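Summary of structural features
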Amino acid sequence: AVLKTEFLGQKYENPFMNASGVHCLTVNELDELKRSKAGAFITKSATTLERAGNPEPRYYATALGSINSMGLPNKGFQYYLDYVVDYQKNDSDGKAPFFSVAGMSRDENINILKIIQRSDFQGVTELNLSCPNVPGKPQVGYDFQMTEQILTQVFEFFRKPLGVKLPPYFDFAHFDIVANILNKFPLAYVNCVNSVGNGLYVDAASESVVIKPKNGFGGIGGDYIKPTALANVRAFYTRLNPTIKVIGTGGIASGQDAFEHLLCGATMLQVGTALYEEGISVFERLEKELKEVMTQKGYKTIEEFRGQLRTL
Ligand SMILES: O=C(O)c1[nH]c(=O)[nH]c(=O)c1I
């Protein structure tokens, strides 16, 4: 079995990459991803200026996943723009990291995207519409009008490949409304899903929350959210123009999890909690396991089964 994957005109060895925010804050972490078995990689969502993020502890892992309220810590978008443009100059393999943007306002998003449009960066940009952890900032993806307004403004000037990172939706009416909006734009992809926002993990022994920001509320990732992630991948895969690809994120910790996302229609697969907990070697394990699943089922390539989820 081979995992080779074509995405937005680029050929990747495999569909696996980090989820923005995990193992991608610094040049060192990005270089480790570049040298790893990951097929592709993406930078931490960036704002105009460097941000320290929320007070710690702001991440906690459990047997079933994780809770985080990082608060958008990042080195500022110029740091990441320098990295991706430098990557393009030196490693002309066409696999520059995807560039994640998470402005704190519509104007900030527009300004950053204008600079990216004018820059030498020729790679893929991911507009994060779903950060759940900046106090006072609602997730744009849950404001349907705002989402349409931002995309309308962006596509007046942005001509490079653009994807959007979406929050999870939980209602068929919302799948329909959001898909109808997204189908109006020349998007390269949607990335489903970001963490399930504002969950609460309670430690019964200490009778306490486990993270400091927002009285313990934070984005939930890992095994907890796989059914939600698969539902969103499938819902958008079946509703969007086929020109808009789907990246699957959420609960991928094994080859089988990866297979399930691909079966629902995903093309690239992003790994968050499992990468945070296991480190860079997770990519080698996931590739081995996915190949095993495919071999057991008699599949040689991913194209043979992508999106072919059966119904009863
Ligand atoms: O708290 C964060 O930095 C964060 N955490 C998440 O779980 N998703 C996001 O998009 C972001 I920007």
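In this text the structure is predicted, and so the values were computed from the model without any measurement. (Residues numbered from 1 in each chain as written. Predicted model: local features only at pLDDT ≥ 70, side-chain atom pairs only at ≥ 80, totals over all residues. Heavy atoms only, no water.)

1. Observations concerning the overall build of the protein chain
- Scanning the protein chain for helices and strands turns up nine helices and 15 strands.
- Taking the principal axes of the C-alpha coordinates as reference, the protein chain spans close to 55 × 50 × 40 Å.
- Per-residue burial over the protein chain gives 55% buried out of 312 residues.
- Contacts in the protein chain between residues at least 24 apart in sequence constitute 73% of all its contacts with a sequence separation of at least 6.
- Side chains of the protein chain give 32 positive and 33 negative charges; the mean places of these two sets differ by 4 Å. (Helix = DSSP H or I, 4+ residues; strand = E, 2+ residues; numbered from the N terminus. Buried < 20%, exposed > 50% of the residue type's maximum accessible area, 1.4 Å probe, protein only. Contact = heavy atoms within 4.5 Å. Lys, Arg positive; Asp, Glu negative; His and termini not counted. Charge placed at Lys NZ, Arg CZ, Asp CG, Glu CD.)

2. Quick notes on the confidence of the model for the protein chain
- When the pLDDT values of the protein chain are averaged, the result is 97; 100% of them are 70 or greater.
- We note a pTM of 0.98 for the whole complex and an ipTM of 0.99 for its interfaces. (pLDDT = per-residue confidence, 0-100.)

3. Some remarks on the packing of helix H6 (residues 226-239) against helix H7 (residues 255-264)
- Contact geometry of H6 with H7 gives a least axis separation of 8 Å together with a crossing angle of 25°. Considered as vectors, H6 and H7 are oriented roughly parallel to each other. Seen from above, H6 lies across H7 with right-handed handedness. Two secondary-structure elements touch here, H6 through Lys-226, Ala-229, Leu-230, Val-233, Arg-234 and Tyr-237 and H7 through Asp-257, Glu-260, His-261, Leu-263 and Cys-264.
- Tallied by class, the residues present in the contact of H6 with H7 amount to six nonpolar, one polar and four charged. (Axes fitted to C-alpha atoms, helices over the stretch in contact; angles between N-to-C directions. Parallel < 35°, antiparallel > 145°, perpendicular 65-115°, else oblique. Left-handed = near helix turned anticlockwise from the far one by under 90°. Nonpolar A, V, L, I, M, F, W, Y, C, P; charged D, E, K, R; others polar.)

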